[in-house]
Amino acid sequence: MHCVSSKHTVMMVSFCQGALLLSLAAAMAVYADMKVDCGPDFVTLMWTESRPQADTSLLRLGSCFPTSFSAGEAYFYVDLTDCNFRRLVTGDALVYSNDLTYVASADSYNLAFTHPVVCAYERPKDWYAAIYDPVFKTYSLGDLQFNIGLMNDNFSGPAESTRFPLGSIIPIMASVVQETHQPLLLLLEECVAATTPELNPESTMYPIISNKGCLLESVSSRSKFEPRQKSSEIRLSLQTFTFAMGEEVFIHCKLLAWDPNGLDSTKKACHFVEGHGWELLDNLAQSNLCDCCESKCKSRRQRSVASEKRGLVQKAVIGPFTITDVNS
């Protein structure tokens, strides 16, 4: 059921299936139309864009990417427990809020903007806040929760086995849990394979990702970053390799939670695509940030205390798992 259609130059309030929808006007006129439906436990949002130069793939609802998009439209279908929706209990109402943002590239003619999206529901009489609720737990920037692990083929759950035949794909997913006003972008800054759960000077290592986010394995194999579902999550399809075949293998990674608007040659996720070269996962138009993957990636901006506070690095280990010889 369609509830609201609003231009950015107005403010609208209406009820839909017991939900109050608020669409607040942006400070500047934006030539687009937004339609929002608040379901019992989900939200759908359709953004129709009239500016020919606008890239609808750069729209974000909280930490979530569009469910689908075309040249002039972006569609989101998301759960209220996802995408960093914020929940507020006020009297007899449960209010869920988020932000629709447009992340413009540096060379874009279209300015970045933020547009609030709010759904309010009548509070059920038997509803009480859980003492431990991981979905809505509040984290500070210095106390983020990072997760990384081996997944099944479609990334819908954990891996069913820790044995992978040579040449097969190892699905790996990492995420960061945070509840901040501005969503964070998760990057894999470095990953190496080793036969020990802890790295030491004597460890034999096999580089997988290095040079500040360059997926080296993608140059000579089918390894690649998968399209993002959320900015706070990154998925890697890693083709198995001959390193330490038959032995226990651990992958040691540095995870970086970073400002989505602060990508540069040292804050990126790049993989090599045959016939195209190095491509940036999060914005093909900025793939020049990956040019340094063949040399040494250095930031053009001077490092400062202020810029360091825009992100947080966490070391993590995956494994053990075993790569098996298909002929054995």
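This report concerns the structure included in the present document.

Cut-offs applied
- Residues numbered from 1 in each chain as written.
- Predicted model: local features only at pLDDT ≥ 70, side-chain atom pairs only at ≥ 80, totals over all residues.
- Heavy atoms only, no water.
- Pairing = 2+ DSSP bridges.
- Helix = DSSP H or I, 4+ residues; strand = E, 2+ residues; numbered from the N terminus.
- Contact = heavy atoms within 4.5 Å.

Digging into the sheet that holds strand β13 (residues 163-165)
Phase 1 of the analysis: Taken together, the eight strands give an open sheet; going across it, the order is β13-β23-β20-β15-β16-β17-β21-β22, and neighbouring strands pair in mixed fashion. This sheet does not close on itself; its edge strands, each paired only once, are β13 and β22 (277-280).
Phase 2 of the analysis: Examined bridge by bridge, strand β16 (residues 205-210) and strand β17 (residues 214-215) share two bridges and lie antiparallel to one another. Looking across to β17, one finds that Ile 209 is bridged to Leu 215.

Points about the environment of Lys 212
Phase 1 of the analysis: With respect to the element layout, Lys 212 can be found in the loop between β16 and β17.
Phase 2 of the analysis: Spatially, the C-alpha atom of Lys 212 lies 9.7 Å from that of Cys 292, the residues being 80 residues apart in sequence.
Phase 3 of the analysis: Leaving out residues up to four positions away in the same chain, Lys 212 has contacts with Glu 189, Ser 265, Thr 266, Lys 268 and Cys 297.

Things to note about the sheet that holds strand β14 (residues 169-177)
Strand pairing in a sheet is mediated by backbone hydrogen bonds. Such pairs are either parallel or antiparallel.
Phase 1 of the analysis: The sheet built from four strands is open, its strands ordered β12-β14-β19-β18 with antiparallel pairing. Where the open sheet ends on each side, the last strands, each with one partner, are β12 (145-150) and β18 (224-225).
Phase 2 of the analysis: Looking at chain direction, β14 and strand β19 (residues 233-239) are connected through seven bridges and run antiparallel. Within β19, the residue paired with Met 173 across the bridge is Arg 235.

Here's the deal with the pairing of strand β23 (residues 312-324)
Phase 1 of the analysis: Sheet topology places β13 next to β23; three bridges connect them, and they run parallel. Its bridge partner lying in β23, Arg 163 is registered against Thr 322.
Phase 2 of the analysis: Two strands pair when backbone bridges link them, and strand β20 (residues 248-258) and β23 are joined in this way by nine bridges, in the antiparallel orientation. Bridge assignment links His 252 to a residue of β23, and that residue is Val 317.

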